[in-house]
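The primary structure of each chain is shown beneath.
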Amino acid sequence: MRQILGIYSAPRQHWVGDGFPVRSMLSHGAQGTHISPFILLDYAGPTTFAPTTERRGVGQHPHKGFETVTIVYEGEVEHRDSTGAGGVIGPGDVQWMTAASGILHEEYHSPAFAKKGGNFEMVQLWVNLPAKNKTAKPGYQNLLDADIPVVDLPNDAGKLRVIAGNFAKAKGPARTFTPINIWDVRLARDKTVTLDVPEGHTLSVLVLSGIVEVDGREIVREAQTVILGRDGGGITIEANGDAKLLVLIGEPIKEPVVAQGPFVMNTVGEIKQAMLDFQSGKFGEIRNAETA
């Protein structure tokens, strides 16, 4: 049985731009190497937005050295970046952006969603890259809900979507640089599921709604995260009510991490170089994009 390293309640909400009211449920600054290869997870919402003709979101900004994974539960997000990639994602869709050697991007509510308003809920996860891949070419994956396999859990316990990695015989559509599992789980009231987890891999379970019991030992409530040790096999989760969970599993990247703002590198010198590269225009440009 894995050791429970801690249960963390989401801190007070803060705004990213004017479109994303987030709570940082995981961060390298708070949990350090216990969450490697993950760096940050911001949970935006649930929030109800009034209709508007204004753009809501974050104007163009840089990233380098990692990947961003945006999962939409309600609402719509529009993305554009300096590779020329972009698109709109809605409920169930995922955007997977590889910043790697450097990219500029912008994130807004889609014009259609802004115009009609409504409920908005999403998460954005930052995934670290090994040093050898931090100089890779930037990229973008648009993973639609229809392309993400859904597995029925045993005993009518609920459903699990495989965004990255594998579960049972299902394989997620995301291409990753290191072994990662990202599972979007719906667990039914009073039901139990046992999840197999590779030995030596990081394991975090985020409770976005509902209340669960982990391994018959600890209660984890809405907007809380449980982080477990890397040894001891799988995990058993029982739902006290209908629950929405995000399960993050990954092989740790055993390298130094220096994170500053939108850059995640291995040394302070590399952070300084990333800033210089951004300032000198090496991250390219977003054509015809509005700046914030």
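Quantities reported herein were computed from a predicted structural model and do not represent experimental measurements.

This part takes up the overall build of the chain. In terms of regular secondary structure, the chain is built from three helices and 26 strands. Taking 2.2 N^0.38 as the reference for a compact globule, 292 residues should give roughly 19 Å; the C-alpha atoms of the chain span a radius of gyration of 19 Å, in line with that estimate. Out of the 292 residues in the chain, the part that is buried amounts to 55%. Across the chain, the fraction of contacts at a sequence separation of at least 24, relative to all contacts at a separation of at least 6, is 72%. Carbon together with sulfur atoms contributes 49% to the accessible area of the chain, which is approximately 12700 Å² in total. Placing the 28 positive and 33 negative side-chain charges of the chain at their respective mean positions leaves the two points 3 Å apart.

Time to look at helix H3 (residues 268-279). Here H3 contains 12 residues, and its C-alpha end-to-end distance of 17 Å stays within 8% of the 16 Å for a straight helix at 1.5 Å per residue. Listed in full, the buried residues belonging to H3 are Ile271, Ala274 and Asp277. Seen end-on, H3 carries its buried residues on one side only, within an arc spanning 120 degrees. Exposed and oriented more than 90 degrees from the buried face of H3 are Lys272 and Gln279. For H3, the elements touching its buried residues are strand E25 (258-260) and strand E26 (263-265). Trailing H3 by a residue or two, Gly281 shows a phi angle of about 85 degrees, which is positive.

Turning our attention to the nonpolar core. Formed by 29 residues in total, the largest nonpolar core has its most connected members in Trp183, Leu195, Ile235 and Ile237. Counting residues per element, the ones that place at least two in this core are strand E14 (158-164), strand E17 (180-187), strand E18 (192-195), strand E19 (202-209), strand E20 (212-214), strand E22 (224-228), strand E23 (235-239) and strand E24 (243-250). Among the elements that take part in this core, E24 stands out by supplying four residues, more than any other. Among residues more than four places away in sequence, those in contact with Ile235 are Val193, Thr194, Leu195, Val197, Leu203, Val205, Val214, Asp215 and Leu228. Listed in part, the 26 residues of the second largest apolar core include Leu125, Leu143, Leu206 and Ile227.

The next subject is unusual backbone geometry. Cis peptide bonds are those with omega within 30 degrees of zero, and the linkage from Ser36 to Pro37 qualifies with 15 degrees. Here the residue pair Gly45 and Pro46 is connected by a cis peptide bond, since its omega of -5 degrees sits within 30 degrees of zero. Unlike most non-glycine residues, Asp156 shows phi in positive territory, near 55 degrees. By the element assignment, Asp156 lies in the loop between strand E13 (150-152) and E14.

Take Gly250: it is sitting in strand E24. In this structure the C-alpha to C-alpha distance between Gly250 and Pro149, which are 101 residues apart in sequence, comes to 19 Å. Ignoring anything within four residues of it in the chain, the contact list for Gly250 reads Ser36, Pro37, Phe38, Pro179, Ile180, His201 and Thr202.

So, about the side chain of Thr68. Mapped onto the secondary structure, Thr68 falls in strand E6 (residues 66-74). The contact partners of Thr68, leaving out residues within four places of it in the chain, are His63, Gln95, Trp96, Met97, Gln124, Leu125 and Trp126.

Read across the open sheet, the seven strands follow the order E1-E22-E19-E24-E17-E14-E13; overall the sheet is antiparallel. Looking at strand neighbours, the two that pair on one side only are strand E1 (4-9) and E13, the edges of this open sheet. Taking each pair of neighbouring strands and ignoring which way they run, the sheet shows an average axis angle of 20 degrees. Two strands pair when backbone bridges link them, and E19 and E24 are joined in this way by seven bridges, in the antiparallel orientation. In the sheet register, Ser209 faces E24, and the bridge partner there is Lys244.

What follows covers the packing of aromatic side chains. One pass over the structure, following the stated rule, counts eight aromatic pairs. Geometrically, the ring pair formed by Phe113 and Phe120 is tilted, given 5.8 Å between the ring centres and 45 degrees between the ring planes. This pair shows no difference in class: Phe113 is buried, exactly as Phe120 is. On the basis of an interplanar angle of 40 degrees and a centroid distance of 6.0 Å, the ring pair of Phe278 and Phe283 is categorised as tilted. Under the relative-accessibility criterion, Phe283 is labelled buried at 4%. Members of the aromatic cluster, connected to one another through ring pairs, are Trp15, Phe20, Phe49, Phe113 and Phe120. Above the ring of Tyr108, the side-chain terminus of Arg55 is found at 3.7 Å from the ring centroid. Above the plane of the ring of Tyr73 lies Lys244, whose end atom (NZ or CZ) is 4.5 Å from the centre.

Criteria and cut-off values
- Each chain has its residues counted from 1, following the order in which its sequence is written.
- For a predicted model such as this one, the threshold for reporting local features is a pLDDT of at least 70, and the threshold for listing and counting side-chain atom pairs is 80 or more; totals across whole chains, interfaces and linings nevertheless cover every residue.
- Water and hydrogen atoms play no part in the side-chain values, which are based on all heavy atoms of the structure.
- Strands are runs of DSSP state E lasting at least 2 residues, helices are runs of H or I lasting at least 4, and numbering of each runs from the N terminus.
- All radius of gyration figures rest on C-alpha atoms, and the globule criterion is 2.2 Å times the number of residues raised to 0.38.
- Only protein chains enter the accessibility calculation, which uses a 1.4 Å probe; a residue whose area is less than 20% of its type maximum is buried, one above 50% is exposed, and one in between is partly exposed.
- Contacts were defined at the residue level, with two residues in contact if any of their heavy atoms lie within 4.5 Å.
- Note on areas: these come from Shrake-Rupley sampling with a 1.4 Å probe, and a residue is covered only by the protein chains present in the view.
- Asp and Glu are treated as the negative residues and Lys and Arg as the positive ones, with His and the ends of the chain left uncounted.
- We put the charge of a Lys on NZ, of an Arg on CZ, of an Asp on CG and of a Glu on CD.
- To estimate the expected span of a helix, count its residues, drop one, and scale the result by 1.5 Å.
- Picture the helix axis, draw a direction to every C-beta atom, and the arc is the one those directions span.
- Buried residues of nine kinds, namely Ala, Val, Leu, Ile, Met, Phe, Trp, Tyr and Cys, make up a nonpolar core once their side-chain atoms join them within 4.5 Å.
- Pairing between two strands requires that DSSP report at least two bridges joining them.
- Only the stretch in contact is used when a helix axis is fitted, and all axes are lines through C-alpha atoms; the angle between N-to-C directions ranges over 0 to 180 degrees.
- Here a pair means two rings of Phe, Tyr or Trp (six-membered ring of Trp) with centres within 6.5 Å. Their orientation is stacked below 30 degrees between planes, edge-to-face above 60, and tilted elsewhere.
- Criterion for a charge above a ring: Lys NZ or Arg CZ within 6 Å of the ring centre, and within 35 degrees of the ring normal.

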